[in-house]
Amino acid sequence: MTELRVVEVAEEHLDSVWQVRTRSFGMGGDRDEWRKTARSFIADGRYLGVVDGDELVAAARVWPHEQWWGGRRLPMGGVAGVVVAPEYRGRGVGSLLMRAVLDLCAQKGYPLTALYPATTVLYRHLGYEFAGSRHLYTFEAADLRTLGGSGTAVRKAGRDDADLFLELAAKAHETRRSNGPLIWPRAEVESWLEDEGNFAYVADDGFVVYKWKDGNLAVEELIAGSEETARALWATVGSGASIAKTVEACCPPFDPIHLMVEHEARGESWQGRWMLRLVDAPAALAGRGFPDGVVLEADLRIDDPELPANTGDWHLSISNGSATLTPAEPSGDPLRLGPRGLAALYAGTPLAALRGAGLVTGGAAAADSALDAVFGGPAAYMLDDF
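These numbers were taken from a predicted model, which means no experiment stands behind them. (Residues numbered from 1 in each chain as written. Predicted model: local features only at pLDDT ≥ 70, side-chain atom pairs only at ≥ 80, totals over all residues. Heavy atoms only, no water.)

Enquirer: When you look at the overall build of the protein in this model, what are you seeing that I'm missing?
Expert: Each helix and strand counted, the protein has 13 helices and 18 strands in total. Relative to the 2.2 N^0.38 estimate, which gives 21 Å for 386 residues, the radius of gyration of the protein is 22 Å and therefore close to what a compact globule would have. Taken along the three principal axes of its C-alpha coordinates, the protein extends 60 × 55 × 35 Å. Going through the 386 residues of the protein one by one, you find that 52% of them count as buried. In the protein, 72% of the contacts between residues at least 6 apart in sequence involve partners at least 24 apart. (Helix = DSSP H or I, 4+ residues; strand = E, 2+ residues; numbered from the N terminus. Rg over C-alpha atoms; globule rule 2.2 N^0.38 Å. Buried < 20%, exposed > 50% of the residue type's maximum accessible area, 1.4 Å probe, protein only. Contact = heavy atoms within 4.5 Å.)

Enquirer: What should I look at first to understand the environment of Ala 343 in this one?
Expert: Secondary-structure assignment places Ala 343 in helix α11 (residues 339–346). Since its relative accessible area comes to 0%, Ala 343 is described here as buried. Residues contacting Ala 343, with those up to four places away along its chain left out, are Glu 129, Leu 276, Arg 277 and Leu 278.

Enquirer: Would you mind going over the packing of aromatic side chains with me for this structure?
Expert: Both the distance between ring centres and the angle between the ring planes are used here to describe each pair of aromatic rings. Counted by the stated rule, this structure contains 15 aromatic pairs. On the basis of an interplanar angle of 80° and a centroid distance of 5.9 Å, the ring pair of Tyr 123 and Tyr 128 is categorised as edge-to-face. Side by side, Tyr 123 and Tyr 128 carry an identical accessibility label, which is buried. Taken together, the ring pairs connect Phe 41, Tyr 47, Trp 63 and Trp 184 into an aromatic cluster. Looking at Arg 273, its charged tip hangs above the ring of Phe 130, at a distance of 4.0 Å from the centre. (Phe/Tyr/Trp six-rings, centres within 6.5 Å; stacked < 30°, edge-to-face > 60°. Lys NZ or Arg CZ within 6 Å of the ring centre and 35° of its normal.)

Enquirer: Where do I start with helix α6 (residues 162–176) in this structure?
Expert: A turn of α-helix holds 3.6 residues, and therefore any two residues three or four places apart point the same way. If you check α6, its first and last C-alpha atoms are 21 Å apart, about what 15 residues at 1.5 Å a residue would give, namely 21 Å. Residues of α6 that are buried include every one of Ala 162, Phe 165, Leu 168, Ala 169, Ala 170, Ala 172 and His 173, and no others. Against the buried residues of α6 lie β3 (55–69), β4 (72–84), α7 (186–194), β9 (199–203), β10 (206–213) and β11 (216–224). At the exit of α6 stands Arg 177, carrying a positive phi of roughly 50°. (Expected span 1.5 Å × (residues − 1).)

Enquirer: Even after reading the chapter, I still don't get the environment of Val 202, so can you show me in this structure?
Expert: Here Val 202 lies in strand β9. A residue is classified by how much of its surface remains accessible, and Val 202, at 3% relative accessible area, is buried. With sequence-adjacent residues up to four places away left out, Val 202 is seen in contact with Ala 153, Val 154, Arg 155, Ala 157, Leu 164, Phe 165, Leu 168 and Phe 207.

Enquirer: Teacher, can you tell me more about the pairing of strand β6 (residues 129–140) here?
Expert: On any regular strand, side chains alternate: one points to one face of the sheet, the next to the other face. β6 sits mainly inside the fold: 10 of its 12 residues count as buried. With seven bridges joining them, β6 and strand β13 (residues 270–278) adopt antiparallel strand pairing. By the bridge assignment for β13, Gly 132 is matched with Trp 274. When β6 meets strand β12 (residues 246–250), the two strands line up antiparallel, connected through five bridges. Within β12, the position partnered with Glu 140 by the bridge is Thr 246. (Pairing = 2+ DSSP bridges.)

In structure tokens:
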């Protein structure tokens, strides 16, 4: 093995990336479509690889997402397609690649980065921690058909409605103070809406996108700003009950649909967990929303070996729904945490759990409830895989 180097993936590397991807994940997807998507990452330097001599042996790409936290949107680097050739695993190649990914996220100005892990060991070693889940529920189609909402006007949507969909989602997530949902680039939303396999409908304050799946139906996203719109959109999906017996849907456990349907979701409901990391701690905290009327002053000592700019003594001040994190000498015993503890705290994990796992030490235990209050709120979730 010669010296391993991190490179930007280029057009001439794509055949090698596909081969490593196949050996890592198995055959899947359309190769031409994959190459088309890969080129969009190459175009602005969001695709990294590791080469041994002239041979590419690992790769990862970064989506230019935004993400909702406390009802505010922040840039987030969504890490995906992390692959390492089988014969190079266990040699530090994955760590080398992911350190370069963290540096790339910092260069691109992403305060946050998130991913769905195939394994937690590598990502925890580099400061990622579980932050939330993606939930998939299965409902009876006939239940949805009877939800009503017939007085709400619903029309078919298409590519030209991309901006409207983004606007409606933004209004909903701001109102709900959502934590975790993604914002896709506009071009991806347009592609989603023009896909003939998707059925999209829009009302004044909401929308739904769904499709056929194995003889039944699957909702990809449903946003509703009112009860009547929620009923109308779910009933639109349920109108396929004469053929589809069930409807799969990605939605959080606290979505109003769970309180509307006559029968609870089927027992085989599923969740997939995702991980978060703060790349720029001051920017991540300044961009996040917090509950109005809650005030907090706390000293933190962060130790982040991978991103030294986060390391040091800081003062956290939260009021009027916003936060600042500024360098400061601690006035007492600071709360001590690394990047994993910081990510989990940011996502609303209770301090008792973080202390129990050894991810947080120090600080005044009496202040834990205040930290729980400011970082708590709706549980973090995603609707999308990436």
